[in-house]
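Chain and residue survey
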Amino acid sequence: MLAAALALAAISVSAPQLMASRTLQLEKPSEDLLNSPEGRHVGTLLRGAKVEELQRDGKWVKVRMEGWIWGPSLEGYEEPSPAGSGDEASGNEDAEATSKRGERNRRETINVNLDEIRELISGDFGRFYGILRDEDLNQVQVRFRVKNVGRDVLERRQMRVQHEILGLLEGEIEFTSVRVETNRPDGSGEVGVELAESFVDVIRRVAGEDLETWRAESRFSSDSGESWN
């Protein structure tokens, strides 16, 4: 009986804790959403996103959130039939929908050569987290996680990833710069804390090889873009 009680107590201590439902808000500029603790990357939340806490496992928090996604990005999505009412109210609704769609498309997932990009990053540079195009900045942003590689290796990887991305996407989509977002070079921190940005002409000129020129003509942040050097 005592052994059974101790075993039951051990299970209750190590098992994930079920939490009373409450709403939390993201304070960092961005955070990765995974399908399990240390699991596969399934999305990115931006500052101000609200989530409902369901469960905890150590420092990991299982959450539920409600949101909208652009339908044509979904497999199996079918375009709805036009409403056809044609009155002023319908026109206002269409204008509002167009405005919201434009806001949403300012940061759009890149699907061109996505499988090749994912395999390239995961095979040679780190764990691929995603790639986006920011319309306002006219910029491609690629995210991946590194292990403990050190500052020099991280910067060389950032430079080479920019060069590879330019080779894969130039002529396919419009962009004038590439941003690489990773965690810290010692393997700690969240993806998005270390940033490296370079214009296309710089990336093309250094060709993934001239590290000193790339350093001199790019800009960097180690605090998620709060400050740059």
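First things first, this report covers the structure right here in the doc. The shown structure was predicted, so the numbers you read here are calculated from the model rather than taken from an experiment.

Let's talk about the environment of Val161
On the secondary structure map, Val161 appears in helix H4 (residues 151-169). Separated by 18 residues in sequence, Val161 and Arg179 have C-alpha atoms that sit 9.6 Å apart. Setting aside anything within four residues of it in sequence, one finds Val161 in contact with Ile121, Phe125, Val142, Phe144 and Val180.

Quick notes on the nonpolar core
The biggest cluster of nonpolar side chains holds 23 residues, and the ones touching the most others in it are Ile117, Ile121, Ile131, Val142, Val161, Ile165 and Leu169. Secondary-structure elements contributing two or more residues to this core are helix H3 (114-124), strand S7 (127-134), strand S8 (139-145), H4, strand S9 (177-182) and helix H5 (200-206). If near-sequence neighbours (up to four positions away) are discounted, Val142 is found in contact with Ile121, Phe128, Gly130, Ile131, Val161, Ile165, Arg179, Val180 and Glu181. Among the nonpolar cores identified, the runner-up in size contains 7 residues, and Val206, Leu211, Trp214 and Phe220 belong to it.

What to know about the pattern of salt bridges
Taken as a whole, this structure holds 16 salt bridges when the rule is applied. Glu197 is the salt-bridge partner of Arg219, the closest N and O atoms lying 3.0 Å from each other. Pair noted here: Arg219 is in strand S11 (residues 219-221) and Glu197 is in strand S10 (residues 194-199), with a separation of 22 residues, a long-range link. On the basis of relative accessibility, which here comes to 37%, the residue Arg219 falls in the partly exposed class. In this structure Glu197 comes out as buried when scored by relative accessible area, which is 10%. Ionic pairing is found between Arg205 and Glu217, a salt bridge with its closest N-O pair at 2.9 Å. With Arg205 in helix H5 and Glu217 in helix H6 (residues 211-217), this residue pair connects regions lying 12 residues apart in the sequence. Take Glu217: its relative accessible area is 36%, and that puts it in the partly exposed class. By sharing partners, the salt bridges in this structure join Asp32, Arg143, Arg179, Glu181, Glu197 and Arg219 into a single network.

Brief notes about the environment of Leu166
Relative to the elements of secondary structure, Leu166 occurs in helix H4. Considered as a pair, Leu166 and Val178 are 12 residues apart in the sequence and their alpha carbons are 8.0 Å apart.

Observations concerning the packing of aromatic side chains
The way to describe two aromatic rings as a pair is by their centre distance and the angle between their planes. Using the criterion set out here, one finds 1 aromatic pair in the structure. Aromatic pair Trp214 and Phe220: ring centres 5.1 Å apart, planes at 75°, arrangement edge-to-face. Its relative accessible area of 13% is what places Phe220 among the buried residues. In this structure, Arg219 is placed above the aromatic ring of Trp228, and the distance from its NZ or CZ to the ring centre is 3.8 Å.

Procedures and definitions
- Residues numbered from 1 in each chain as written.
- Predicted model: local features only at pLDDT ≥ 70, side-chain atom pairs only at ≥ 80, totals over all residues.
- Heavy atoms only, no water.
- Helix = DSSP H or I, 4+ residues; strand = E, 2+ residues; numbered from the N terminus.
- Contact = heavy atoms within 4.5 Å.
- Core = buried A, V, L, I, M, F, W, Y, C linked by side-chain atoms within 4.5 Å.
- Buried < 20%, exposed > 50% of the residue type's maximum accessible area, 1.4 Å probe, protein only.
- Salt bridge = Lys/Arg side-chain N within 4 Å of Asp/Glu carboxyl O.
- Phe/Tyr/Trp six-rings, centres within 6.5 Å; stacked < 30°, edge-to-face > 60°.
- Lys NZ or Arg CZ within 6 Å of the ring centre and 35° of its normal.

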